[in-house]
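For reference, the chains in residue letters:
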Amino acid sequence: MKPGLFSFFNRVGAWVLLLFLVTPALIAIPVSLTPKRFLSMPQGEYSLRHFEKLFTSEEWLSSFFQSGVIALSCSALATLLGTLCAIGLWRVSSRYSELVRAFLLLPLIIPQIISAMAFYRLWIPLGLLDSYAGLILAHTILAAPMVLITVSASLATFDPKLEQASKNLGASNWTTMRRVILPSIRPGVFAGALFAFILSWDEIVVTLFISKYSVYTLPRRMWNGIRENTDPTVAAAAVILIAITLIAFAVSAILSRRNAPAQAE
Amino acid sequence: MQALNRHIHTGWLIIAPLLLMVVALYLGPILNILWLSVTDPEPGFGNYAKLTEGDALIRIVWTTVRICIITTVFSVIFGYSIAYAMVHCHQRQKTYMLTLLLVSFWISILVRTFAWLMLLGRKGLVNVTLEDIGLVAEPIAFMRNELGVLIGMVHYMIPYAVLPLLVSMQSIDQRVMDASRNLGASGSQTFWRVYLPMTMPGLVASTLLVFILSLGFYVTPAVLGGGKVLMVAEYISVQLLVTLKWGTAAMLAAIMLFGVLAMLWIMSRFMKLSTVFGGAAR
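Residues numbered from 1 in each chain as written. Chains lettered and ligands numbered in written order. Predicted model: local features only at pLDDT ≥ 70, side-chain atom pairs only at ≥ 80, totals over all residues. Heavy atoms only, no water.

**Here's the deal with the side chain of B:Ser37**
Residues and elements named next belong to chain B.
Here comes step 1: The residue Ser-37 is located in helix 2 (residues 11–39) in this model.
Here comes step 2: Residue Ser-37 is classed as buried on the basis of its relative accessible area of 1%.
Here comes step 3: Within polar-contact distance, the side chain of Ser-37 engages the side chain of Tyr-48 at 2.9 Å.
Here comes step 4: If we ignore the near neighbours within four places in the chain, the residues touching Ser-37 are Gly-44, Asn-47, Tyr-48, Gly-247, Ala-250, Met-251 and Ala-254. (Helix = DSSP H or I, 4+ residues; strand = E, 2+ residues; numbered from the N terminus. Buried < 20%, exposed > 50% of the residue type's maximum accessible area, 1.4 Å probe, protein only. Polar contact = N/O pair within 3.5 Å; in protein donor to acceptor, adjacent residues only side chain to side chain. Contact = heavy atoms within 4.5 Å.)

**Some thoughts on the domain arrangement of chain B**
Residues and elements named next belong to chain B.
Here comes step 1: Its domain assignment divides chain B into domain 1 (1–39) and domain 2 (49–276).
Here comes step 2: Put simply, the middle of domain 1 and the middle of domain 2, counted by C-alpha atoms, are 33 Å apart.
Here comes step 3: Taken together, the five residues of domain 1 in the interface contact eight residues of domain 2.
Here comes step 4: Surface buried jointly by domain 1 and domain 2 totals about 480 Å² across both partners, of which 91% is contributed by carbon and sulfur atoms.
Here comes step 5: Applying the counting criterion to the domain 1 and domain 2 interface returns zero salt bridges.
Here comes step 6: Linking domain 1 with domain 2 are zero residue pairs in polar contact (both at pLDDT 80 or more).
Here comes step 7: Of the residues that constitute the side of domain 1 that touches domain 2, the class distribution is four nonpolar, one polar and no charged. (Domains from an automatic or database assignment. Buried area = accessible area lost by both parts, 1.4 Å probe. Salt bridge = Lys/Arg side-chain N within 4 Å of Asp/Glu carboxyl O. Nonpolar A, V, L, I, M, F, W, Y, C, P; charged D, E, K, R; others polar.)

**Quick notes on the interface of chain A and chain B**
Here comes step 1: The partner chain B presents 88 residues to the 91 residues of chain A that form the contact.
Here comes step 2: For the pairing of chain A and chain B, the buried interface totals around 8,400 Å² over both sides, and the portion due to carbon and sulfur atoms is 82%.
Here comes step 3: Counting across the interface, chain A meets chain B through zero salt bridges.
Here comes step 4: Here chain A is connected to chain B by eight residue pairs in polar contact (both at pLDDT 80 or more).
Here comes step 5: Top element by residues in the side of chain A that touches chain B is helix 1 (residues 5–22) of chain A. It accounts for twelve residues.
Here comes step 6: Residues that form the side of chain A that touches chain B fall into these classes: 71 nonpolar, twelve polar and eight charged.

Structure, rendered in structure tokens:
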């Protein structure tokens, strides 16, 4: 098709839509710089007091720390279980394994509110409510499918003959896994770990149900701030979160660019 | 062990940890909830009968379905436009577009909801700007109504709508369109009669994906609806955390779950599910 008038207008429309997707979040920046004690747009005067409060408040700092611990543990656990499972499914490759794969993707697509109900229901008798272990386990179950997807995508381009060759040359299963399979699916494993981290770091619905006082993650504190709708510290936290997102995005872009030529060789 | 190996592939040994964990800690309680929907507070279909008595519950279900349908229609139309533009432009421009799309995908839902709160309130930036330039005399009510919920939800869902469409459009052979033009079809005929039907699998996948994700959406309706727009997800959370009525909540969850599974089944007729999520099985 020739790029006609329609195509041109559509492209302009698409750019407008894409800007609509990204720009609203930026309003957090001016709001966070307001010198007032309540949420407002700054009128000519700017102040960093809300950032100062964010980084000196015990509550916010402990939430940053707790979210970090939970997201890192969840990412590690989900990456371990998800990668092993993806390799297993890739090895088996039968009708049953495809069924299992479809089943394991369910936590990703089942509405979060139902997942939250399920965890809440089971965590009560198990005594896992409001504990690190409870949150880490729940987030891991939600995040492992992500790892499964990214690692499976990497495995799809891996030549199974290499595995055979390694075994024929006398390597054990474990050596083959460590020296042959893992190095070639590394991009998928890293991507999965990153996605799992973000999922946990940003998770709110399940967290609202299964945490209360002793574990108070960053999204939970932001949720509270948003509901109360008065304290501008929330805006400062939002700015920090946007900055973290952009940094993570840049890192992953650089990593994937570095990996792309390596794969082409 | 050797004897076992002959019957069961060793691969299952490393599948087992995750599989067992999901079955025990996820599938188990979900089945328990389905069971609760017909046993709590008393055995029978009393919970389901509540849907026909009185109109409070039915209204919540209807509000949810209506908002989800409107969200889906807008997200898929906008998503189609973005995906189309991305496939039909130069590589460099496409990279920029993809970057914007993914950045918005990655920004925390809480940050975005907070931003809408600041923008759409009575004294929010949008209303203040509109009043300053004299477009409106009274602030427009964007929040605490369905309009606000819709703005927030469409904004969140657009990237999800784009991704399956992008996969589908990228796999189309451009020469088919050239052939159509050579055979005398006009540009719009080629689009409506050749291009659109060829992207149908992506369109169906994207529609169902957005609809499913909208159904259980909690954060944006709860904040931007401000208690005025009650959807199923928020109602469930109130039932569980405030009034402690598991039966009704379980019934609503069961209906939602079966609806989602039915749609997933339809979706799997059109597209491999793992492709929708950006990965690919072997």
